[in-house]
Amino acid sequence: MLKLSLAPGEYLTIGENVVVQVYRAENGRTYLAIDAPREVPIVRGAVREREGAQPSAKLAQVPQKGHKSGNPI
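These numbers were taken from a predicted model, which means no experiment stands behind them.

## Some points on the overall build of the protein chain
- Across its full length, the protein chain holds one helix and three strands.
- Listing every helix and strand of the protein chain by position from the N terminus yields β-β-β-α.
- Classification of the 73 residues of the protein chain by burial places 4% in the buried group.
- Partitioning the intrachain contacts of the protein chain with sequence separation of at least 6 by distance along the chain shows that 16% fall at a separation of at least 24.
- Carbon and sulfur atoms provide 50% of the accessible area of the protein chain, an area that totals close to 6800 Å².

See the structure below:
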């Protein structure tokens, strides 16, 4: 799993057709802009779980509040 640290305005690409940009980060929340073809489904994890899906086993561990991790996320 690739873990990145991005500042507002920075972006990453997934393949040739998907662009994910951090457009704002404030008050502990990060806001993303995602540009992808319409046929690529984009669904919040919370929505999938509410519909009965299990969280992916591939999710990264999120540091607890107040914990300083040396690894970028």
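Right, picking up where we left off after that structure.
## Focus: the confidence of the model for the protein chain
- Chain-level pLDDT for the protein chain is 89 on average; 89% of the residues reach the 70-or-more range.
- No element of the protein chain has a lower mean pLDDT than helix α1 (residues 45–50), which averages 94, and none a higher one than strand β1 (residues 11–14), which averages 97.

## Concerning the pairing of strand β2 (residues 18–26)
- The pairing of β1 with β2 spans four bridges and is antiparallel. When the sheet's bridge partners are listed, threonine 13 is paired in β2 with valine 19.
- In textbook terms, the turn of a hairpin is the stretch between consecutive antiparallel strands, and for β1 and β2 this stretch comprises three residues, one of which, glycine 15, has a positive phi near 65°.
- In the sheet, β2 pairs with strand β3 (residues 29–35) via seven bridges, with the strands oriented antiparallel. The partner of alanine 25 across the bridge, within β3, is threonine 30.
- Counting the residues between successive antiparallel strands, the hairpin from β2 to β3 contains two residues, one of them, asparagine 27, with a positive phi of roughly 55°.

## Concerning unusual backbone geometry
- Residue asparagine 27 is not a glycine yet carries a positive backbone phi of 55°.
- Its location among the elements puts asparagine 27 in the loop between β2 and β3.

## Details of the sheet that holds β3
- One open sheet accounts for three strands, arranged β1-β2-β3; its pairing is antiparallel. Strand pairing shows two members of the sheet lacking a second neighbour, β1 and β3, which therefore form its edges. When the angles between neighbouring strand axes are averaged without regard to direction, this sheet yields 25°.

Analysis parameters
- Residue indices follow the written sequence of each chain, beginning from 1 at its first position.
- Confidence filtering applies because this is a predicted model: local features only for residues at pLDDT of at least 70, side-chain atom pairs given and counted only at 80 or more, and all residues used for totals across whole chains, interfaces and linings.
- Where side-chain values are given, they derive from all heavy atoms of the structure, hydrogens and water being excluded.
- Put simply, DSSP marks the helices as runs of H or I at least four residues long and the strands as runs of E at least two long, and each gets a number from the N terminus on.
- Per-residue accessibility, obtained with a 1.4 Å probe over protein chains only, is compared with the maximum for each type, and a residue is labelled buried under 20%, exposed over 50%, and partly exposed between these values.
- Only heavy atoms matter for contacts: two residues are in contact if any of them lie within 4.5 Å across the pair.
- Where accessible areas are quoted, they stem from the Shrake-Rupley method and a 1.4 Å probe; at the residue level, only the protein chains shown are allowed to cover.
- The predictor rates its confidence in each residue with pLDDT, a number between 0 and 100.
- What makes two strands pair is DSSP finding at least two bridges between them.
- Axis definition: a line fitted to C-alpha atoms, over the contacting stretch in the case of helices. Angles run 0 to 180 degrees between N-to-C directions.

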